[in-house]
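Remarks on the overall topology
If you want the building blocks of each chain, they are given just below.
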Amino acid sequence: MPIKAFFNLIRWPNLLLIASCLFIIKFSLFSIEAYPVAITLNWFGYSLLIASSVFIAAAGNIINDIQDVVADKVNKPKHVIVGRLISEKTAFNWFLLFNVLGILLGFYLANLIGKPIFTMLFIGSSGLLYLYATTLKSYLLIGNILISALVALVFILPAIFDLMPAITPQNQSLQKFFFSILTDYAVFAFVVNLIREIVKDQEDIAGDHKMKFKTLPLVLGKQRTNIILFALGCLAVVGLVYYVLTYFYENTLVLTYSLIGLVLPLLLFVVKVPSANSKKDFRQLSLLLKITMGLGVLSLLLYGFIHNS
């Protein structure tokens, strides 16, 4: 089995982003000396959280590729992996293995912190990714919203597994403060990823039409969908600017990073999306949003840098 094809199958850049996000939250946001937040997980326990999240995401990517073979032969024929570079049986076996590993590690972690019911987060995520790939992605906006919610969940997992079990009456206020930071990032991730999911539907309209999916571009048309994307982009810009000016207007570093690294790419998106029409246009817009997501994750480093310096 070609190693490069395998890493492309599991979409390693997306997995790296998930792992980086969780790593930064633990070792930057939760390590601010001026705000000694109470945490539950040591290095081993948190590694289980990262590994379980990455395994389940990898399994979701694989089953999505398996189900998308017909559409991908239309949308991106040169990049089809399943059935060309890796057999469907082999891909499915990897899907099963990663799911089992992810759920087992999640089960062990949940029991490690004395919250076995939390295993349902991993089982539920795995099941929803399977339903998305096999059924839900064909329904109008449901698949887009589901995937965006699961992306947002990445920011909430550290709060659930690391912060919540360590809450006491004495530290409740500080714990809630850090929980609120992660919630804000989760909302940002949900909105940006939702916009990107719709952009990808624009890019893949030919294959989705062949599969008879009811995506927004197929139901409303490209131009009307672009108007919706423009409106969502404007809302994201306004919301982000309001948030940054409300909480960080006195911090030059955070303000500058946010305006250049987050607001500027979103503004470029808003400017470009009304005239976007070709696959190349939408591919560039999707990349722009992905870069914004990556820079958003990296902005978590600013909390540790500011308060520890």
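So, a few notes on the structure that sits alongside this text. Throughout, a residue's number is its position along its own chain's written sequence, starting from 1. For a predicted model such as this one, the threshold for reporting local features is a pLDDT of at least 70, and the threshold for listing and counting side-chain atom pairs is 80 or more; totals across whole chains, interfaces and linings nevertheless cover every residue. Based on all heavy atoms of the structure, the side-chain values leave hydrogens and waters out of the count.

By definition, any uninterrupted DSSP run of H or I lasting at least four residues is a helix, any uninterrupted run of E lasting at least two residues is a strand, and each is numbered from the N terminus. A tally of helices and strands in the chain yields 14 helices and 0 strands. Mapped in sequence order, the helices and strands of the chain form the string α-α-α-α-α-α-α-α-α-α-α-α-α-α. In summary, the chain has a C-alpha radius of gyration of 20 Å against a globular reference of 19 Å for 309 residues, a match within 12%. For the chain, the C-alpha atoms occupy an extent of roughly 60 × 45 × 30 Å along the three principal directions. We call a residue buried when its accessible area falls under 20% of the maximum for its residue type, exposed when it is over 50%, and partly exposed in between, using a 1.4 Å probe and counting protein chains only. A buried classification covers 47% of the 309 residues belonging to the chain. Values of accessible area rely on a 1.4 Å probe in the Shrake-Rupley scheme; residue burial ignores everything except the protein chains shown. Accessible area for the chain stands at about 15,100 Å²; split by element, carbon and sulfur atoms hold 69% of it. Put simply, the radius of gyration uses C-alpha atoms, and a globule should come to 2.2 Å times the residue count raised to 0.38.

The next thing to look at is unusual backbone geometry. What is expected of a backbone is that most residues other than glycine have negative phi and most peptide bonds are trans. Although it is not a glycine, Arg-11 sits at a positive phi angle of roughly 55°. Within the secondary structure layout, Arg-11 lies in the loop between helix H1 (3-9) and helix H2 (12-27). A positive phi angle, close to 65°, is found at Leu-141, a residue other than glycine. Here Leu-141 lies in the loop between helix H6 (119-134) and helix H7 (142-163). Of the residues examined, Leu-141 reaches a relative accessible area of 27% and is grouped as partly exposed.

What follows deals with a nonpolar patch on the surface. A cluster of nonpolar side chains, Leu-259, Ile-260, Leu-264, Leu-267 and Leu-268, forms an exposed patch at the surface whose accessible area comes to about 420 Å². Within the fold, Leu-267 resides in helix H12 (residues 252-272). Candidates for patches are residues over 30% relative accessible area with no salt bridge; among them, like charges are joined within 9 Å and nonpolar side chains (Val, Leu, Ile, Met, Phe, Trp, Tyr) within 5 Å. A pair is scored as a salt bridge if a Lys or Arg side-chain nitrogen falls within 4 Å of a carboxyl oxygen belonging to Asp or Glu.

The calculated volume of the second largest pocket comes to roughly 750 Å³. As for the second largest pocket, its lining consists of 27 residues, of which Asp-184, Tyr-185, Tyr-243, Phe-248 and Tyr-303 are closest to the centre. Only helix H8 (172-203), helix H11 (222-248), H12 and helix H14 (300-308) provide two or more residues apiece to the lining of the second largest pocket. Residues were grouped as follows: Ala, Val, Leu, Ile, Met, Phe, Trp, Tyr, Cys and Pro as nonpolar; Asp, Glu, Lys and Arg as charged; and all remaining residues, including Gly, as polar. Partitioning the lining of the second largest pocket into residue classes produces 20 nonpolar, 6 polar and 1 charged. For each structure, a 1 Å grid was placed over the protein atoms alone; sets of points admitting a 1.4 Å probe that cannot get out are labelled cavities, open sets with protein on both sides within 12 Å along at least five of seven lines are labelled pockets, and lining residues have an atom within 4 Å of a point. Grid points are joined across faces, edges and corners, and a volume is the space filled by probe spheres set on the points.

Below, the discussion takes up the nonpolar core. We call a set of buried residues a nonpolar core when its members are Ala, Val, Leu, Ile, Met, Phe, Trp, Tyr or Cys and they connect through side-chain atoms within 4.5 Å of each other. Ile-25, Leu-29, Phe-155, Phe-161 and Phe-269 are the most contacted members of the largest nonpolar core, which totals 91 residues. Tallying contributions element by element places H7 first for this core, with 13 residues. The contact criterion used is simple: two residues touch if any of their non-hydrogen atoms lie within 4.5 Å. Residues within four places of Phe-161 in sequence aside, it is in contact with Thr-40, Leu-41, Leu-49, Leu-109, Ala-110, Ile-113, Phe-118, Leu-121 and Phe-122.

A complete count under the given rule lists 1 cavity of 30 Å³ or more for this structure. Considered as a void within the structure, the largest cavity measures approximately 30 Å³ in volume.

Moving on, we come to the pattern of salt bridges. Oppositely charged side chains may form a pair once their charged atoms are brought near each other. Applying the stated criterion to the full structure yields 5 salt bridges. We note a salt bridge from Lys-137 to Asp-68, for which the minimum N-O separation is 2.8 Å. Here the residue Lys-137 occupies a position in the loop between H6 and H7, and Asp-68 occupies one in the loop between helix H3 (43-67) and helix H4 (69-75), the gap between them amounting to 69 residues. Overall, Lys-137 belongs to the buried group, its relative accessible area being 12%. Look at Asp-68 and you get buried, because its relative accessible area is 11%. A salt bridge links Arg-283 to Glu-203; its shortest N-O distance comes to 3.5 Å. Taken together, the residues Arg-283 in helix H13 (residues 279-298) and Glu-203 in helix H8 connect sequence positions 80 residues apart.

Within the fold, Asp-201 resides in helix H8. The spatial distance from the C-alpha of Asp-201 to the C-alpha of Cys-21 is 26 Å, given a sequence separation of 180 residues. Beyond its immediate chain neighbours, meaning those up to four positions away, Asp-201 contacts Asn-144, Asp-208, Thr-215 and Pro-217.

To get an axis, fit a line to the C-alpha atoms, keeping to the stretch in contact for a helix; angles then go from 0 to 180 degrees between the N-to-C directions. Between H3 and H6, whose axes approach to 8 Å, the crossing angle comes to 15°. Relative to H6, the element H3 lies roughly parallel. Viewed along their axes, H3 and H6 form a crossing whose handedness is right-handed. Between H3, through Leu-49, Ser-52, Ile-56, Ala-57, Gly-60, Ile-63, Asn-64 and Gln-67, and H6, the contact on the second element is made entirely by Phe-122, Ser-125, Ser-126, Leu-129, Tyr-130, Tyr-132, Ala-133 and Thr-134. Broken down by class, the residue content of the contact of H3 with H6 amounts to 9 nonpolar, 7 polar and no charged. Every angle not falling under 35 degrees, over 145, or within 65 to 115 is termed oblique; those three ranges are roughly parallel, roughly antiparallel and roughly perpendicular. A crossing counts as left-handed when the near helix is turned anticlockwise from the far one by less than a right angle, and as right-handed when that turn is clockwise.

All quantities given are derived from atomic positions and should not be read as evidence of function.
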